[in-house]
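So you can see what is in the structure, the chains are spelled out below.
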Amino acid sequence: MSIKDNLLRIKSQLPENVILVAVSKTKPVSDLMEAYNAGQRIFGENKIQEMTEKWEQMPKDIQWHMIGHVQTNKVKYMAEYVSLIHGVDSLKLLQEINKQAAKHNRIIDCLLQMYIAEEETKFGLDEKELEDILHIVQNDKLQNIKVVGLMGMATFTDNQTQIKMEFLNLKSTFDKINSLSIVNYQLSIISMGMSGDYNLAIECGSTMVRIGSSIFGNRK
Ligand SMILES: *Cc1c(COP(=O)(O)O)cnc(C)c1O
């Protein structure tokens, strides 16, 4: 199957309200261009330097999503162009994004990453930390960022019941935050689901799936 075939097949199966992020990390620009020519405009990368190199080379109507863990000192390299940062897991990072976005007169959309897995190696906030950050966002009026939703990664396991439970946890946190109205608007995005579990994620309420290998093939 070609990249184009993979992409069109997956797209045709997604519900209308679910946004597809084509995760192109480690793949060459020629592969990304195949997806672009098949209509894809949202690409996800996990390294800022790699994303920036691709941004420089590729058409400017692409929306670049940073899906990896972000180091505070590297935010400046993507502040000019990044359209959504998925993995925000601290107030300090959010404040730095705000500062760098201001330099470019932009508002950068962010997702707060929640810790839903049973793996020490994964990053993310718990519910208390999430609420604390949202209160500060609301009161400090960080003008150059907007928290538009939540992101989570399930445990790397074959146990579908466990993955489902983790996704449902994220969905219930999302619903709770919206019902509490800590910020004066509704969060709209739940970014959850990858190649192996996106159907389950959608069943559990995902509105944004991050799919790499099912589109571009396995990574080395
Ligand atoms: C690599 C990656 C993906 C895509 O993974 P696939 O299994 O290739 O679909 C999704 N989300 C994040 C955060 C990733 O790092």
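The structure displayed is predicted, hence computed values, not measured ones. (Residues numbered from 1 in each chain as written. Predicted model: local features only at pLDDT ≥ 70, side-chain atom pairs only at ≥ 80, totals over all residues. Heavy atoms only, no water.)

(A) Layout of the pairing of strand E1 (residues 19–23). Buried residues dominate E1, accounting for 4 of its 5 residues. Alignment of E1 against strand E8 (residues 208–211), held across 4 bridges, turns out to be parallel. Considered in E8, the bridge of Ile-19 is made with Met-208. Where E1 lies against strand E2 (residues 42–45), 2 bridges are found, and the strand directions are parallel. Across the sheet, the residue bridging to Ala-22 is Phe-43, located in E2. The handedness of the E1 to E2 crossover, carried by helix H2 (residues 29–37), is right-handed. (Buried < 20%, exposed > 50% of the residue type's maximum accessible area, 1.4 Å probe, protein only. Helix = DSSP H or I, 4+ residues; strand = E, 2+ residues; numbered from the N terminus. Pairing = 2+ DSSP bridges. Right-handed = clockwise from strand over helix to strand, strands pointing away.)

(B) Inspection of the site of the ligand at higher detail. Around the ligand, the neighbouring residues are Val-23, Lys-25, Ile-67, Met-151, Met-153, Met-194, Ser-195, Arg-210, Ile-211, Gly-212, Ser-213 and Arg-219. In the model, an oxygen atom of the ligand is placed 2.6 Å from a nitrogen or oxygen of the Lys-25 side chain. Contact distances for the ligand include 2.7 Å between an oxygen atom and a side-chain N or O atom of Arg-219. In the complex, the protein chains occlude 90% of the 390 Å² of accessible area that the ligand would expose alone. Classifying every residue of the shell around the ligand gives 6 nonpolar, 3 polar and 3 charged. (Near = heavy atom within 4 Å. Polar contact = N/O pair within 3.5 Å; in protein donor to acceptor, adjacent residues only side chain to side chain. Areas by Shrake-Rupley, 256 points an atom, 1.4 Å probe, with all protein chains shown as cover. Nonpolar A, V, L, I, M, F, W, Y, C, P; charged D, E, K, R; others polar.)

(C) Spatial organisation of the nonpolar core. Leu-94 and Leu-112 are the most contacted members of the largest nonpolar core, which has 65 residues in total. Top contributing element to this core by residue count: helix H6 (residues 160–180), with 5 residues. Apart from residues lying up to four places away in sequence, Leu-112 is in contact with His-86, Val-88, Leu-94, Leu-125, Leu-130, Ile-133, Leu-134, Val-147, Gly-149, Leu-150 and Met-151. The next biggest cluster of nonpolar side chains, apart from the first, holds 8 residues, and it includes Val-21, Leu-111, Met-151 and Ile-189. (Core = buried A, V, L, I, M, F, W, Y, C linked by side-chain atoms within 4.5 Å. Contact = heavy atoms within 4.5 Å.)

(D) Examining the pattern of salt bridges more closely. Enumeration according to the criterion identifies 9 salt bridges in this entry. Glu-131 is the salt-bridge partner of Lys-176, the closest N and O atoms lying 3.5 Å from each other. Of this pair, Lys-176 sits in helix H6 while Glu-131 is found in helix H5 (residues 127–140), placing the two residues 45 residues apart along the sequence. (Salt bridge = Lys/Arg side-chain N within 4 Å of Asp/Glu carboxyl O.)

(E) Fine view of helix H1 (residues 3–13). Turning to H1, its buried residues number three or more, namely Ile-3, Asn-6, Leu-7 and Ile-10. Seen end-on, H1 carries its buried residues on one side only, within an arc spanning 95°. On the buried face of H1, the contacting elements are E1, H2, helix H7 (198–203), E8 and helix H8 (213–216). (Arc of directions from axis to C-beta.)

(F) Geometry of unusual backbone geometry. You will see that Thr-26, though not glycine, has its phi angle at about 70°, which is positive. Relative to the assigned elements, Thr-26 resides in the loop between E1 and H2. Thr-26 gets classed as exposed once you look at its relative accessible area, which sits at 52%. Phi is positive for Asn-105, which is not a glycine, with a value near 55°.

(G) Broad picture of the packing of helix H4 (residues 91–103) against H5. Between H4 and H5, whose axes approach to 11 Å, the crossing angle comes to 30°. The angle between H4 and H5 falls in the class roughly parallel. As H4 packs across H5, the resulting crossing turns out to be right-handed. Two secondary-structure elements touch here, H4 through Leu-91, Leu-94 and Gln-95 and H5 through Ile-133, Ile-136, Val-137 and Asp-140. Among the residues forming the contact of H4 with H5, the class breakdown is 5 nonpolar, 1 polar and 1 charged. (Axes fitted to C-alpha atoms, helices over the stretch in contact; angles between N-to-C directions. Parallel < 35°, antiparallel > 145°, perpendicular 65-115°, else oblique. Left-handed = near helix turned anticlockwise from the far one by under 90°.)

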